[in-house]
Amino acid sequence: MKRKFRVGDRVSWNSEAGRVRGTIKKVIAKPTVFKGYTIRASRDAPQYQIVSDRTGHVAVHKGSALRRL
């Protein structure tokens with residue numbers, strides 16, 4: 001089962017520094033470039049742009065990497 005999230009959902013994910021919490025700011029549903037990396041997203045497999053609560057760092061992750069809070 002694929003996880004679907006919406007803008008405004010609070011989520012957490014695993015990073016090199018440990019578990020991070022943040023808020024989804026954008027759902028990416030088509031291939032795009034982010035910070036020099038190609039994000040291979042589609043309508044069937046969207047990816048999510050998230051802003052960390054603590055640091056303000058912006059990251060993009062697949063739904064499988066996220067956990068709803």
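K.L.:
Break down the environment of V20 for me, with residues and values.
P.N.:
Counting through the fold element by element, V20 comes out in strand β2 (residues 18-28). Along the primary structure V20 and R54 are separated by 34 residues, whereas in three dimensions their C-alpha atoms are 8.2 Å apart. When neighbours within four sequence positions are excluded, V20 is seen to be in contact with V11, S12, W13, S15 and S52.

K.L.:
Please set out the sheet that holds strand β1 (residues 10-15) residue by residue, giving values where relevant.
P.N.:
Taken in spatial order, the 5 strands line up as β6-β5-β2-β1-β7 in an open sheet, and their pairing is antiparallel. A strand with exactly one partner marks an edge of an open sheet, and here the two such strands are β6 (58-62) and β7 (67-68). Two strands pair when backbone bridges link them, and β1 and β2 are joined in this way by 6 bridges, in the antiparallel orientation. Each bridged residue has a counterpart across the sheet, and for N14 the counterpart in β2 is R19.

K.L.:
So what's going on with the nonpolar core? Residues and values would help.
P.N.:
F5, V11, W13, V20, I24, Y48, I50 and L66 form the largest nonpolar core, which has 8 residues in total. Elements with a minimum of two residues in this core: β1, β2 and β5 (47-52). Core analysis: the next-biggest nonpolar cluster, separate from the first, contains 5 residues, F34, I39, A41 and V60 among them.

K.L.:
Please provide a residue-by-residue account of the pairing of β1, values included.
P.N.:
Between the end of β1 and the start of β2, which pair antiparallel, lie 2 residues. Pairing of β1 with β7, which is carried by 2 bridges, proceeds in the antiparallel orientation. Within β7, the residue paired with S12 across the bridge is R67.

What counts, and where the lines are drawn
Residues numbered from 1 in each chain as written. Predicted model: local features only at pLDDT ≥ 70, side-chain atom pairs only at ≥ 80, totals over all residues. Heavy atoms only, no water. Helix = DSSP H or I, 4+ residues; strand = E, 2+ residues; numbered from the N terminus. Contact = heavy atoms within 4.5 Å. Pairing = 2+ DSSP bridges. Core = buried A, V, L, I, M, F, W, Y, C linked by side-chain atoms within 4.5 Å. Buried < 20%, exposed > 50% of the residue type's maximum accessible area, 1.4 Å probe, protein only.

Any functional reading would require information that these geometric values do not contain.
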